[in-house]
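Analysis of the macromolecular model
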Amino acid sequence: VSYDLATRSYELIAGERRWRATQLAGLNEIEVIVRQPRDEKHRMAMTLIENLQREELNPIEVALGYLRLMKEFGINQTALAEEVGKSKATISNTLRLLELSEEIQKALQYGQVSEGHGRALLTITDPNLRHAVFQKLVANKLSVRETEALAREMEAGTITDEAPAKNKADVKSADLRSLEESLQQILGTKVVIRTKKITSKGSIQISFFSFEDFDRILKVLKK
């Protein structure tokens, strides 16, 4: 609550839902914190900071709110951390989510992936590899830990998402592509069917992204 010393009028800055709940409960008195903003700019900052504390805000909304506070009120991450009661590392990690592509940011906004997934993706410096891991985590519903492991492997170059160059002999028939798609739906992971010159022979490559994922695929195959 803020107030004017001259008129003793009060303005509710935060806690409207709690205030309405007390009215419904028939309470005549409640505990409040009275603050006097230095100026209109400070009052706006208090309102924005309170809004950022709401649990229903998604990570991107929070990051944009932090950025707005820093720009409009000319403060750095250290000062912002003190204002919102967070560590500087938390502020920095949240702001870094804005470095992700628009597609990944939208996935964060709509709850398709979590903030932990976003932070794991940020450890990948190559935008193309980052996007590849993002697609895999969405398609295979990877956990944050699985995404972190995959991100480390991608960044270290121990696995690659680049497919070998195709030549005319590698062009697959519609039947083979259909079989690949069917297996991918059944196993919930990427499947590649390769045939030799004698098309009745070949191999099937099934991808997995963690030991847990490997166990899951084995259980499906044993059914």
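The rules behind these values
- Residues numbered from 1 in each chain as written.
- Predicted model: local features only at pLDDT ≥ 70, side-chain atom pairs only at ≥ 80, totals over all residues.
- Heavy atoms only, no water.
- pLDDT = per-residue confidence, 0-100.
- Helix = DSSP H or I, 4+ residues; strand = E, 2+ residues; numbered from the N terminus.
- Contact = heavy atoms within 4.5 Å.
- Expected span 1.5 Å × (residues − 1).
- Buried < 20%, exposed > 50% of the residue type's maximum accessible area, 1.4 Å probe, protein only.
- Arc of directions from axis to C-beta.

A few words on the confidence of the model for the protein. Per-chain confidence: the protein averages 78 in pLDDT, with 76% of residues scoring 70 or above. Within the protein, the lowest mean pLDDT, 48, falls on strand S1 (residues 2–3), and the highest, 94, falls on helix H7 (residues 115–122). Scored below 50 in pLDDT, residues 1–5 shows 22 contacts in the model against residues more than four places distant or in partner chains. Low pLDDT (under 50) marks residues 160–170, which in the prediction has five contacts with non-local residues, meaning those over four places away or in another chain.

Looking now at helix H9 (residues 144–156). Between its first and last C-alpha atoms H9 spans 18 Å; for 13 residues at 1.5 Å apiece the expected length is 18 Å, and the two agree. Among the residues of H9, those classed as buried are Glu-146, Thr-147, Leu-150, Ala-151 and Met-154. Projected down its long axis, H9 carries its buried residues within an arc of 135 degrees, all on one side. Facing away from the buried side of H9 by more than 90 degrees, the exposed set consists of Arg-145, Arg-152 and Ala-156. On its buried side, H9 packs onto H7, helix H8 (127–140) and helix H11 (211–222).

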